[in-house]
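# Architecture at a glance
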Amino acid sequence: MTDAAELRRRTQELLAAHQPGATDRLDFLKARFDAGLAWVHYPEGLGGLGAPRTLQAVVDAELEAADAPDNDPRRIGIGLGMAAPTILKYGTEEQKQRFLRPLWTGEEVWCQLFSEPGAGSDLAALGTRAVREGDEWVVNGQKVWTSSAHLARWAILIARTDPDVPKHAGITYFLCDMTDPGVEVRPLRQVTGEAEFNEVFLTDVRIPDTRRLGEVGDGWRVAQTTLNNERVAIGGMRIPREGGMIGPVSKTWRERPELRTHDLHQRLLTLWVEAEVARLTGERLRQQMAVGQPGPEGAGMKLAFARLNQEISGLEVELLGEEGLLYEDWTMRRPELVDFTGRDAGYRYLRSKGNSIEGGTSEVLLNIVAERVLGLPSEPRTDKDVAWKDLAR
Amino acid sequence: MTDLLYSEEEEALRAALRDLLADHCDAAGVITRVETDTPHDRALWKALADGMGLAGLLVPESQGGQGATHREVAVVLEELGRAVAPVPYLTSAVVATEALLACESEEAAGLLTALASGRTIGALAIALNVAPRAAHKAVRHEDGALHGELTGIADAAAADVLLVPADDGALYAVDADAVTVTTQVSLDLTRPVATVTFDGAPARRLGDAEPAVRRALRAGAGLLASEQLGVADWCLTETVRYLKERKQFNRPVGGFQALKHRLAQLWLEVVNTRAAARNAADALATESTDADVAVAVAQAYAAPVAVHTAEEALQLHAGIGMTWEHPVHLYLKRAKADSIAYGTAGRHREALAELVDLQAP
């Protein structure tokens, strides 16, 4: 069993052999992966040591103290958070060996080709078709809301391979090469003026069967692993008081007494309390996970933060008065990251509107809480036993 | 960092107490009892105090108590809240006890031991709605006796001894049989308030009133959040249970999305309240420098949640929820009275404005 002391020793060995200041960033990351210190809970040979997930913090702390280069986890979040756990669980040995190392080092960025214009919350209704031709699949369709598609080398893709069975049964999961002919990425400009997302058009894209993940027709189950991991990521980080969006507005309140009104004061205090309580709930969840007893609180964290971000940023625009009439820049840009605290209030107000939509709308998440946590009956289903091709669209 | 979880010992305490309350504090019994002249449940109090030693949790072992902390007391209050138990636990074992812990006299030490055993019940003679650090009334002290009248004193009818602030800045102990206690008609039948009239009542000096009152009300407010958590938790659990069974339009009512979303929202609020209440309990237990903020945050958040959850529980039980026989009204009355007790949410937000430097215009 690998314990904290052992991990500390191995980390120091890595640092001694590849001194951070004198080693190329990518070389260091590769060495770290090969030493099993990338994600310690992964198996040996795949960047890990089969150690408890909670011990990752030990390695991270040692590396941070040594000022070692990191793999920019925010930029490659989709790969780390969604593609990797799914490949680990359902991939062939060959797929794991091929994809996990460059994914973790950030050499290869990943994106997620799930949502479609006609299949958002009802994701399983998707219509992108994959038809088998010998050892290949020919894919046609359109995906949407694809973060990082313009940067990505690889995509996780779900497509319909059997339209004659009910919708959940006819889906298959693929790993799609974004440089293949027939993959076209178009920026999708948003309310903020920026194009953080893309539309992706797939026209006769040929994917070898060796890049199928899981069995034919089992794609919905494979996708559940991806989606569950998408939601797990939220709430696990320790943040200080005023660490979120409430920070900038509190700072403005303190520094600009001329902007204060009684109405805004009441609302600010209410939101300050709610933000602090949401932070405590996140901390409680983190403490539960640390002792190996994850609670269902995570299901609610995204809901809470979406609402708070929207209300707080909305309040901040009002607080700014005349400045609230302005906007920093409407130029169409293509940011690599979403910045929730470093930007102007107007940007945050507009961008936070997406917080209650992306990664599951608040309405769908409330259903999930009601059904999976509280055990309330599910909605009546009219699509359950109907072949996908016979569903009304 | 604050420990926001429950320890194994705390969970064991909860389980034992929940069993006891299931046997000795059923809702129908509480409804019957609060309609009588003796709304407090003496037998239950004896079981809590003698049987489980819970009255002395906050009192050091050297003074006859259990030497436990606010964390364990918070668990007790969660369970008493879930049962809307008509016992003077918060008022005697928490608020009066905390006041005595701040006094250094022998008189206070003796009384503390008596309260810890549970055989004596104490009540701080300050109106229940007074917030920590807010102004409160005092009676006139003259030649070792007290004169005047105080109103809104919670659980005074059950108390054997009253801890009374006087106009000379001291806190005094007065035996209940030396004063006139007149029960007021109370919104919360399970925690009735009373008027106490002092007509030359003999008084024993305990210590300075100001630090004792400040400490007592702060602990009361902070731990009240755990009671509010218990109230909200019961309301949510019962409502979910009922809506899974109750059918209308040939479906369980709990399957309608409009109601599911409301219940999921309540669940979120309860989950948040648990974190806020644990944070306050832990901050009080560890005498954290952050305790004032933790208490104000907990009250500002938990009070409206308990009221909201009870109001939703009544609405979602619909017709039956509006009856006297269904216990949801006990919870609504407790939640609403609790939202005033030891300062409203608004008072606590005002306190926060000072504490975290978000000043008013």
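So, how was this worked out
Residues numbered from 1 in each chain as written. Chains lettered and ligands numbered in written order. Predicted model: local features only at pLDDT ≥ 70, side-chain atom pairs only at ≥ 80, totals over all residues. Heavy atoms only, no water. Helix = DSSP H or I, 4+ residues; strand = E, 2+ residues; numbered from the N terminus. Rg over C-alpha atoms; globule rule 2.2 N^0.38 Å. Buried < 20%, exposed > 50% of the residue type's maximum accessible area, 1.4 Å probe, protein only. Contact = heavy atoms within 4.5 Å. 1 Å grid on protein atoms, 1.4 Å probe; cavity = no way out; pocket = protein on both sides within 12 Å on 5 of 7 lines; lining within 4 Å. Points joined across faces, edges and corners; volume = space filled by probe spheres on them. Nonpolar A, V, L, I, M, F, W, Y, C, P; charged D, E, K, R; others polar. Salt bridge = Lys/Arg side-chain N within 4 Å of Asp/Glu carboxyl O. Polar contact = N/O pair within 3.5 Å; in protein donor to acceptor, adjacent residues only side chain to side chain. Core = buried A, V, L, I, M, F, W, Y, C linked by side-chain atoms within 4.5 Å. UniProt positions renumbered as here; feature names shortened; annotations may be inferred. Phe/Tyr/Trp six-rings, centres within 6.5 Å; stacked < 30°, edge-to-face > 60°. Lys NZ or Arg CZ within 6 Å of the ring centre and 35° of its normal. Expected span 1.5 Å × (residues − 1). Bend = angle between axes of the 7 residues up to and from the residue. Pairing = 2+ DSSP bridges. Axes fitted to C-alpha atoms, helices over the stretch in contact; angles between N-to-C directions. Left-handed = near helix turned anticlockwise from the far one by under 90°.

### Notes on the overall build of chain A
The helix and strand inventory of chain A stands at 11 helices and 8 strands. Scaling as 2.2 N^0.38, a compact globule of 393 residues should have a C-alpha radius of gyration of about 21 Å, and chain A matches this with 23 Å. Going through the 393 residues of chain A one by one, you find that 51% of them count as buried. For chain A, restricting intrachain contacts to residue pairs at least 6 apart in sequence, the fraction spanning at least 24 positions comes to 70%.

### A look at the layout of surface pockets
In this structure, the second largest pocket occupies an estimated 500 Å³ of space. If you trace the second largest pocket, you find 23 residues lining it, with R284, Q288 and E297 of chain A together with Y6 and R274 of chain B closest to the centre. For the lining of the second largest pocket, the secondary structure elements donating two or more residues are α8 (262-290) of chain A together with α1 (8-24), α7 (209-245) and α8 (257-285) of chain B. Grouping the amino acids of the lining of the second largest pocket by side-chain chemistry returns 11 nonpolar, 4 polar and 8 charged.

### Overview of the interface of chain A and chain B
Listed per partner, the contact involves 44 residues of chain A and 42 residues of chain B. If you look at where chain A meets chain B, you find 4 salt bridges. The partner of K260 of chain B in a salt bridge is E371 of chain A, and the shortest N-O contact between them spans 2.5 Å. On the surface where chain A and chain B come into contact, there are 17 residue pairs in polar contact (both at pLDDT 80 or more). Those elements that provide at least two residues to the side of chain A that touches chain B are α7 (246-255), α8, α9 (298-319) and α11 (362-373) of chain A.

### Re the nonpolar core
Core analysis: the largest hydrophobic core is formed by 101 residues, its most contacted members being Y89, V94 and F198 of chain B. Here the element with the most residues in this core is α7 of chain B; it accounts for 12 residues. Non-local contacts of F198 of chain B, meaning those with residues more than four positions away in its chain, are made with V139, L146, H147, G148, L150, V164, V174 and V179 of chain B. L376 of chain A together with L266, A298 and A353 of chain B belong to the second largest nonpolar core, which has 62 residues in total.

### Some points on the UniProt feature "domain: Acyl-CoA dehydrogenase/oxidase C-terminal" (unreviewed entry) in chain B
Under the UniProt annotation, "domain: Acyl-CoA dehydrogenase/oxidase C-terminal" (unreviewed entry) lies at residues 213-354 of chain B. Helix makes up 80% of residues 213-354 of chain B and strand makes up 3%, while its end C-alpha atoms are separated by 20 Å.

### Things to note about the packing of aromatic side chains
Under the definition given, this model contains 13 aromatic pairs over all chains. With 6.2 Å between their ring centres and 45° between their planes, F33 of chain A and W104 of chain A make a pair best called tilted. Here W104 of chain A lies in helix α5 (residues 93-105) and F33 of chain A lies in helix α2 (residues 25-34), a separation of 71 residues in the sequence. The buried category is assigned to F33 of chain A, whose relative accessible area is 4%. Residue W104 of chain A is classed as buried on the basis of its relative accessible area, which comes to 4%. By the ring-pair criterion, three or more aromatic residues cluster together here, those being F33, W39, Y42 and W104 of chain A. Over the aromatic face of Y6 of chain B sits the side chain of R14 of chain B, whose NZ or CZ is 4.6 Å from the ring centroid. When the ring centre of F256 of chain B is taken as origin, the NZ or CZ atom of R251 of chain B, which lies over that ring, is 4.0 Å away.

### A few points about helix α9 (residues 291-321) of chain B
Residue and element names in this part refer to chain B. In a regular helix each residue adds 1.5 Å, so 31 residues correspond to 45 Å; α9 covers only 38 Å between its end C-alpha atoms and thus falls short of that length. Its axis deflected by about 55° at Q315, α9 carries its strongest bend there. With 23 of 31 residues buried, α9 lies mostly within the body of the structure.

### Topic: the environment of T38 of chain B
All names here are of chain B. Relative to the assigned elements, T38 resides in the loop between α2 (27-34) and α3 (42-51). On the accessibility criterion, T38 (52% relative accessible area) is exposed. Separated by 120 residues in sequence, T38 and A158 place their C-alpha atoms 8.5 Å apart.

### Side note on the sheet that holds strand β8 (residues 204-208) of chain B
Residue and element names in this part refer to chain B. Pairing is mixed in the open sheet, where 4 strands are placed in the order β1-β4-β5-β8. Since the sheet does not close on itself, it has two edges, and those belong to β1 (122-124) and β8, each with one partner. Across the sheet, the axes of successive neighbouring strands diverge by a mean angle of 25°, strand direction being ignored. Pairing between β1 and strand β4 (residues 161-165): 3 bridges, direction parallel. The residue bridging A123 from the neighbouring strand is L162, located in β4. Packing of helix α5 (residues 89-101) onto the sheet brings it into contact with β1, β4, β5 (170-175) and β8, and relative to β1 it is tilted by some 65°.

### Regarding the pairing of β4 of chain B
Residues and elements named next belong to chain B. Among the 5 residues in β4, 5 count as buried, and that is most of the element. Of the two faces of β4, the one carrying V161, L163 and P165 and the one carrying L162 and V164 are both buried. Summarising the sheet, β4 and β5 pair through 5 bridges and their orientation is antiparallel. Counted as the bridge partner of L162 is V174 from β5. Once β4 ends, the chain turns through 4 residues before running back antiparallel as β5, passing G169 with a positive phi of about 85°.

### Section: the UniProt feature "domain: Acyl-CoA dehydrogenase/oxidase N-terminal" (unreviewed entry) in chain B
When the UniProt feature table is mapped to this numbering, "domain: Acyl-CoA dehydrogenase/oxidase N-terminal" (unreviewed entry) covers residues 7-118 of chain B. Counting secondary structure, residues 7-118 of chain B comes out at 65% helix and 0% strand; the distance between its end C-alpha atoms is 25 Å.

### Topic: the sheet that holds strand β2 (residues 140-142) of chain B
Residue and element names in this part refer to chain B. In spatial order, the strands read β2-β3-β7-β6; together these 4 strands make up an open sheet with antiparallel pairing. Pairing within the sheet leaves two strands with one partner each, and these edge strands are β2 and β6 (180-183). Between one strand axis and the next, the sheet turns by 15° as a mean value, whatever way the strands run. Examined bridge by bridge, β6 and strand β7 (residues 193-202) share 4 bridges and lie antiparallel to one another. Within β7, the position partnered with T180 by the bridge is T197.

### Here we look at empty space enclosed by the protein
Residue and element names in this part refer to chain B. Following the criterion strictly, the structure yields 2 cavities of 30 Å³ or more and no others. By volume, the largest cavity amounts to about 90 Å³. Around the largest cavity sit T91, V95, L124, I126, A127, L128, V130, A154, L217 and Y342, which together line it. Taken together, the residues of the lining of the largest cavity break down into 9 nonpolar, 1 polar and no charged.

### Examining the packing of α7 of chain A against α8 of chain A
Residue and element names in this part refer to chain A. In contact at an axis separation of 11 Å, α7 and α8 are set at 145° when each is read in the N-to-C sense. Remark: the crossing between α7 and α8 carries left-handed chirality. The segment α7 lies against α8, with I246, V249, S250 and W253 engaging L264, H265, L268, L271, W272 and A275. For the contact of α7 with α8, a count of residues per class yields 8 nonpolar, 2 polar and no charged.

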